[in-house]
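Residue-level listing of the chains:
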Amino acid sequence: MRSQTLWRSFGLLQRQYISSRRIINHRAIQTASSRPVPNFAFAFDIDGVLLRASKPIPGAADSLALLKEQGIPFLLLTNGGGKHETERVAEISEKLGIPLDATDIVQSHSPFAELVKGWDESSALEHKCVLVAGGDGDNCRRVAEQYGFKNVVTPADILMANPAVWPFSKNFSDYYKTFARPLPSPIDLNDPSKSLKIDAVFVFNDPRDWALDTQVIMDLLLSSQGRMGTLSEKNGQIDLPNHGYQQDGQPRLYFSNPDLWWAAAYPLPRLGQGGFREALEGIWAATTGGPRKGIELKKTVIGKPYQPTYEFAERQLLRNRLRTFGSPAEHTPLERVYMVGDNPESDIRGANSYRSEIGSSWHSILVRTGVYSGGEPAWIPHTIADNVHKGVQWALKSSNWPAA
Ligand SMILES: [Mg+2]
């Protein structure tokens, strides 16, 4: 899939590191300021590792403070989202009492920022019209705009402009009218060639109104060229690939978070964005014939445990290292990243499965302070630690770091 190529196409730094790795292969070198550049870094999940029910987990703040003091790069890598990175790190900084920058966090939707410029001018979505679904109000639209998307529409905009699109959401119009904006072009049922055209669909965060979002996304997936109010004539043509479905210039569909369930205040897990995707897949299959007829729903899913998210996180670590250490960072390859997480299915599976283009190896550390409750985990980590503090100590020792 071309979009998968995209995630790999931002490899300038990676290639630089691959070549430097051939030349220099020792643990660390001394910078002009005598500060060693570590050949390792950390990625921390947040919920169940650093915070639990929004409260700091003992040892978490001290561990991050130690890494900061030692100049060891780290990132927070979460499947959460719905707010801009700046806003999210400000909250976490305050809870942990550690200064953090927006570049210190990768949220589920952070990699979408790379699609603003795309891999070339023709693939750039900056000036295209994109649909952003999910999240409270239009917070995610505003996040997308901060990433650089210039033309962002929400399902609420479509509903308020044309309530007949989904009549059952009219009960929620008091909510929608607080943030809906006029459409950049109308839904023109008389002249569909002039109707609102959507070029990409992003599920940024968990949809709040599954029914409206499902209806609008289905409309676009079945449309011709992503124009609202149209229906592609190619749909169902068995001589075409995928029986003609998604073969007529429909928008690409992106999901930011695969989690089927997540832990909230209720004692039992709650359905996550993965639940919404499964529901949409079910409707897609019922409408098109689905896998029974060899028809798939073409989409890109990012977020832990998937490769594109780890690739993005690694690029972010490289960028941060370069900013912190300057050119000496180019001569010390990033050889190892310790992923500290509480969820075997996402954190550990993702780290274990990740294949780095720069040849780094991701070592997974499973902690006992979150969803993992003991026994043999579904994905076996490099080590199991009681908490993040012990995990960090184990990692520092593994990398022969003197502070351990
Ligand atoms: Mg977690």
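Here the structure is shown first, and the text comes after it.
Residues numbered from 1 in each chain as written. Predicted model: local features only at pLDDT ≥ 70, side-chain atom pairs only at ≥ 80, totals over all residues.

What follows is about the pairing of strand 4 (residues 74-77). The side-chain alternation of strand 4 yields two buried faces, one formed by Phe74 and Leu76 and the other by Leu75 and Leu77. Relative to strand 5 (residues 105-106), strand 4 is paired through two bridges, and the arrangement is parallel. If you follow leucine 76 over to strand 5, its bridge partner there is isoleucine 105. With helix 4 (residues 85-96) bridging strand 4 and its parallel neighbour strand 5, the resulting β-α-β unit is right-handed. (Buried ≥ 20, exposed ≤ 12 C-beta atoms within 10 Å, placed from the backbone. Helix = DSSP H or I, 4+ residues; strand = E, 2+ residues; numbered from the N terminus. Pairing = 2+ DSSP bridges. Right-handed = clockwise from strand over helix to strand, strands pointing away.)

Within the largest apolar cluster, 47 residues are counted, with the highest numbers of intra-cluster contacts made by Phe42, Phe44 and Val337. Residues Val153, Ile198, Phe204 and Trp284 belong to the second largest nonpolar core, which totals 40 residues. (Core = buried A, V, L, I, M, F, W, Y, C linked by C-beta atoms within 7 Å.)

Before going further, it helps to spend a moment on the sheet that holds strand 14 (residues 361-367). With parallel pairing, the six strands of this open sheet are ordered in space as 5-4-1-13-14-15. Strands at the two margins of the open sheet, each flanked by one partner only, are strand 5 and strand 15 (383-385). Against the sheet, helix 10 (residues 307-325) touches strand 1 (40-44), strand 4, strand 5 and strand 13 (336-341), its axis set at about 150° to strand 4. Together, strand 1, strand 13, strand 14 and strand 15 form the strand contacts of helix 12 (residues 388-398), whose direction differs from that of strand 14 by roughly 150°. (Contact = placed C-beta atoms within 7 Å. Axes fitted to C-alpha atoms, helices over the stretch in contact; angles between N-to-C directions.)

What follows deals with the pairing of strand 13. With five of six residues buried, strand 13 is to be regarded as a mostly interior element. Here strand 1 runs beside strand 13; their pairing, made up of five bridges, is parallel. Each bridged residue has a counterpart across the sheet, and for phenylalanine 44 the counterpart in strand 13 is valine 340. In the sheet, strand 13 pairs with strand 14 via six bridges, with the strands oriented parallel. Counterpart to arginine 336 in the pairing with strand 14 is serine 361.

It is worth spelling out the packing of helix 8 (residues 210-221) against helix 9 (residues 273-288) at this point. For any two helices packed against each other, the geometry comes down to the angle between their axes and how far apart the axes lie. One way to put it is that helix 8 packs onto helix 9 with a least axis distance of 11 Å and a crossing angle of 50°. Between helix 8 and helix 9, the crossing angle belongs to the class labelled oblique. Crossing geometry of helix 8 relative to helix 9 is assigned as right-handed. In contact with Trp210, Thr214, Ile217 and Met218 of helix 8, helix 9 contributes Phe276, Ala279, Leu280 and Ile283. Residue composition of the contact of helix 8 with helix 9, by class: seven nonpolar, one polar and no charged. (Parallel < 35°, antiparallel > 145°, perpendicular 65-115°, else oblique. Left-handed = near helix turned anticlockwise from the far one by under 90°. Nonpolar A, V, L, I, M, F, W, Y, C, P; charged D, E, K, R; others polar.)

Further remarks concern the sheet that holds strand 9 (residues 252-255). Read across the sheet, five strands follow the order 7-6-8-9-12 without closing on themselves; strand pairing throughout is parallel. Unpaired on one side and paired on the other, strand 7 (151-153) and strand 12 (300-301) mark the two borders of the sheet. Pairing between strand 8 (residues 200-203) and strand 9: four bridges, direction parallel. Pairing of valine 201 across the sheet is with leucine 253, part of strand 9. Sitting on the sheet, helix 8 touches strand 6 (129-133), strand 8 and strand 9, and the angle it makes with strand 6 is about 150°.

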